[in-house]
Amino acid sequence: MDTENELLKQAELTAEQLSIFINDLIEKDFSRLVQILYRLDVSEDKLKTVLLENPTGDAGNMIAKLIMERIEQRQKTKELFRQEGEIPEDEKW
C-alpha cells in the first residue's frame, strides 16, 4: 500500500491487510500514521484508552479496528444527511 488514499478506500481491504499496513507505519513512518489518524478524525482519547487497556495487544490491529469504525461512522453520517434530488435554486450559494 503506497499512499494514505489507498487507506481511505479501506472498504476494499481486509482487517488483516489494514493491520499489517498500520504496523508497518508504526515501525517505519510513525508521523505519517499520526497524520492519517488526524485526517480520518480518529478520536485521540479513544485511541489512548484502547492502547492503555491492551498494553500487550497488537497495536496495528487495534488501530485498524478504530479506523474501520471511524470510516463506517463517516459513511453513516453521510447517508443520514444525504439530500434527495437537487438543491432548490433559492438555497444554492
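Since we're looking at a predicted model, the values are computed, not measured.

(A) Representation of the overall build of the protein chain within the structure. Each helix and strand counted, the protein chain has five helices and zero strands in total. Its helices and strands in sequence order give the protein chain the pattern α-α-α-α-α, from N to C terminus. The buried share of the protein chain, reckoned over its 93 residues, is 25%. Of the roughly 7400 Å² of accessible surface on the protein chain, 50% is carried by carbon and sulfur atoms.

(B) How the structure looks around the pattern of salt bridges. Evaluation of the coordinates by the stated rule reveals five salt bridges. Across the pair Lys46 and Glu69 runs a salt bridge whose closest N-O atoms are separated by 3.4 Å. With Lys46 in helix H4 (residues 44-53) and Glu69 in helix H5 (residues 59-81), the pair connects residues that are 23 residues apart, well separated along the chain. The exposure class of Lys46 is partly exposed, given its relative accessible area of 42%. In this structure Glu69 comes out as partly exposed when scored by relative accessible area, which is 40%.

(C) Representation of the environment of Ile67. Considering the arrangement of structural elements, one finds Ile67 in helix H5. For Ile67, a relative accessible area of 0% translates into the label buried. Sequence separation between Ile67 and Ala15 is 52 residues; the distance between their C-alpha atoms is 9.9 Å. Those residues in contact with Ile67, other than ones at most four positions away along the chain, are Leu18, Ile22, Leu37, Leu40 and Val42.

(D) Layout of the side chain of Ser19. Tracing the backbone shows Ser19 in helix H2 (residues 15-28). Apart from the residues within four sequence positions on either side, Ser19 is in contact with Asp58, Gly60, Asn61 and Ala64.

(E) Inspection of the confidence of the model for the protein chain at higher detail. Of all residues in the protein chain, 81% have pLDDT values of 70 or greater, and the mean over the chain is 84. Element-level pLDDT for the protein chain is lowest in helix H1 (residues 4-8), with a mean of 56, against a maximum mean of 95 in H4.

(F) The nonpolar core, seen in detail. Within the largest apolar cluster, 16 residues are counted, with the highest numbers of intra-cluster contacts made by Ile22, Leu37, Ile63 and Ile67. Ranked by residue count, the leading element in this core is H5, at five residues. If we ignore the near neighbours within four places in the chain, the residues touching Leu37 are Val42, Leu47, Ile63 and Ile67.

Procedures and definitions
- Residues numbered from 1 in each chain as written.
- Predicted model: local features only at pLDDT ≥ 70, side-chain atom pairs only at ≥ 80, totals over all residues.
- Heavy atoms only, no water.
- Helix = DSSP H or I, 4+ residues; strand = E, 2+ residues; numbered from the N terminus.
- Buried < 20%, exposed > 50% of the residue type's maximum accessible area, 1.4 Å probe, protein only.
- Areas by Shrake-Rupley, 256 points an atom, 1.4 Å probe, with all protein chains shown as cover.
- Salt bridge = Lys/Arg side-chain N within 4 Å of Asp/Glu carboxyl O.
- Contact = heavy atoms within 4.5 Å.
- pLDDT = per-residue confidence, 0-100.
- Core = buried A, V, L, I, M, F, W, Y, C linked by side-chain atoms within 4.5 Å.

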